[in-house]
Amino acid sequence: MISENKTAVTLGSFDGLHRGHMSVIACAFELQRERGLSPLVLLFDSHPMLTIMGKAPSMILQTELRDKLLADLGAKTCIVPFAEIKDMTCREFFEKILIGRLNAGGVCCGWNYRFGKGNEGGKHILEKLCAEYGMELRVSPPIDLDGSPISSTRIRRAIENGDIPLANAMLGREFRYKLTVVNGDHRGRLMGAPTINQHFETGFVRPKKGVYASATVIENKLYPSVTNIGLRPSFENEDFRSETCILGFDGNLYGQKIEVRLLQYLRGEIRFESMDDLGKQIHIDAAKAKEIFLNRGENINV
């Protein structure tokens, strides 16, 4: 049995905490049960591509929500500036970071993990280094869905195309965002459908414009909701935003950070000729959204 102060370090980008990432983290918990190692997720302060290429892929999971998901799992984290390690050789990274800083007794990674300056090393080099230092390496195989490995790139594409059920299946949970509620124009309230308005962060993935069935978290309770994402073509000079009508809730949420989860794309944006026509469509959308919400099955944890 290895001393409990040793860690089982998980390696990867973890930019979406999708099912593939979670399988790597699960390996660390296996090492905890089998060898007494403490699971530790190594995170970077920014996406590696931002340092390497000057531009990062769009974000599919906010840092706040990522940290909560990891905390709920019981995994500790360590954040390392990517700029600090980007020019290290594989051995330097292994010895200075994994052993010297993180006290690794075991290492976990995905099947396609790369590391070292210029991505020079993969799982085979990591395997040799672990063998040299008497450490165990656990490599998680690809997690396939519809014949292809799950990846953050596939998830981004699904979200951008409005295929939310596919994105959620790859994530292993509902795609979500938590944003501050800002003042709107109160037109929804005038139509009997009060809404919350939220602006997406710069660099966050942009879901396909349109109307979605959604679920909204308020004080640890889930409410069925309808979310319009886009420019609201029935009104002039609008900016890209998320506007959510929360069914069964009527309260003041201005200034609060509220979590919205997308369930299914309902329709594209439509320009309505009158407020009455828009109001009727909102109620039709609400009925569909509520039905989808109630048929979510067992995936109803807040």
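Residues numbered from 1 in each chain as written. Predicted model: local features only at pLDDT ≥ 70, side-chain atom pairs only at ≥ 80, totals over all residues. Heavy atoms only, no water.

Colleague: Help me understand the overall build of the chain, please; the structure alone is not making it clear to me.
Modeller: Looking only at helices and strands, one finds 10 helices and 13 strands in the chain. Residues counted as buried form 50% of the 302 residues belonging to the chain. For the chain, contacts bridging at least 24 residues in sequence account for 73% of all contacts bridging at least 6. (Helix = DSSP H or I, 4+ residues; strand = E, 2+ residues; numbered from the N terminus. Buried < 20%, exposed > 50% of the residue type's maximum accessible area, 1.4 Å probe, protein only. Contact = heavy atoms within 4.5 Å.)

Colleague: Could you clarify how one ought to interpret the packing of aromatic side chains in this entry?
Modeller: For any pair of aromatic rings, geometry is given as the distance between the ring centres together with the angle between the planes. The final tally for this structure, using the stated rule, is 12 aromatic pairs. Seen in terms of ring centroids, Phe44 and Phe82 are 5.1 Å apart; in terms of plane orientation they differ by 75°. Their pairing is edge-to-face. Of the two residues, Phe44 is situated in strand E2 (residues 38–44) and Phe82 in helix H4 (residues 82–85); the sequence distance between them amounts to 38 residues. Taken together, a centroid distance of 5.5 Å and an interplanar angle of 65° make the contact between Tyr223 and Phe249 edge-to-face. Linking Tyr223 in strand E11 (residues 221–230) with Phe249 in the loop between strand E12 (241–246) and strand E13 (257–267), this pair joins segments that are 26 residues apart in sequence. A relative accessible area of 21% means that Phe249 is categorised as partly exposed. Its guanidinium or amino end placed over the ring of Phe240, Arg206 lies 3.9 Å from that ring's centre, counting from NZ or CZ. (Phe/Tyr/Trp six-rings, centres within 6.5 Å; stacked < 30°, edge-to-face > 60°. Lys NZ or Arg CZ within 6 Å of the ring centre and 35° of its normal.)

Colleague: In this structure, what is going on with the nonpolar core? I would like to understand it.
Modeller: When a protein is soluble and globular, its nonpolar side chains tend to lie buried together. By size, the foremost hydrophobic cluster in this structure holds 26 residues, and its most contacted members are Leu11, Phe93, Leu98 and Leu126. For this core, the elements supplying multiple residues, two or more each, are E2, strand E3 (76–80), H4, helix H5 (90–101), strand E4 (104–110) and helix H6 (123–132). When residues in this core are grouped by element, the largest group, 5 residues, is from H5. Among all residues touching Phe93, those that are not within four sequence positions of it are Leu11, Leu42, Ile85, Met88, Leu98, Tyr113 and Phe115. (Core = buried A, V, L, I, M, F, W, Y, C linked by side-chain atoms within 4.5 Å.)

Colleague: Mind showing me how you'd approach the pairing of strand E1 (residues 7–10) here?
Modeller: Regular strands place their side chains on alternate faces of the sheet. A two-sided burial pattern is seen for E1, the buried positions comprising Thr7 and Val9 on one face and Ala8 and Thr10 on the other. Here E1 pairs with E2 via 4 bridges, running parallel. Residue pairing for E2: Thr7 is matched across the bridge by Ser38. Viewed along the sheet, the connection from E1 through helix H1 (residues 19–35) into E2 turns out right-handed. Summarising the sheet, E1 and E4 pair through 4 bridges and their orientation is parallel. Among the inter-strand pairings, Val9 is bridged to a residue of E4, identified as Val107. (Pairing = 2+ DSSP bridges. Right-handed = clockwise from strand over helix to strand, strands pointing away.)

Colleague: Help me understand the sheet that holds strand E10 (residues 210–218), please; the structure alone is not making it clear to me.
Modeller: Strand pairing in a sheet relies on backbone hydrogen bonds, with the paired strands running either antiparallel or parallel. Strand order in the closed barrel made by the 6 strands is E8-E9-E12-E11-E10-E13, with antiparallel pairing throughout. Direction aside, neighbouring strands of the sheet carry axes that sit 45° apart on average. Across 6 bridges, E11 lies against E12 in antiparallel orientation. Across the sheet, the residue bridging to Ile229 is Ser242, located in E12. Where helix H3 (residues 63–73) meets the sheet, its contacts fall on strand E8 (176–182) and E13, and the angle it forms with E8 comes to roughly 130°. (Axes fitted to C-alpha atoms, helices over the stretch in contact; angles between N-to-C directions.)

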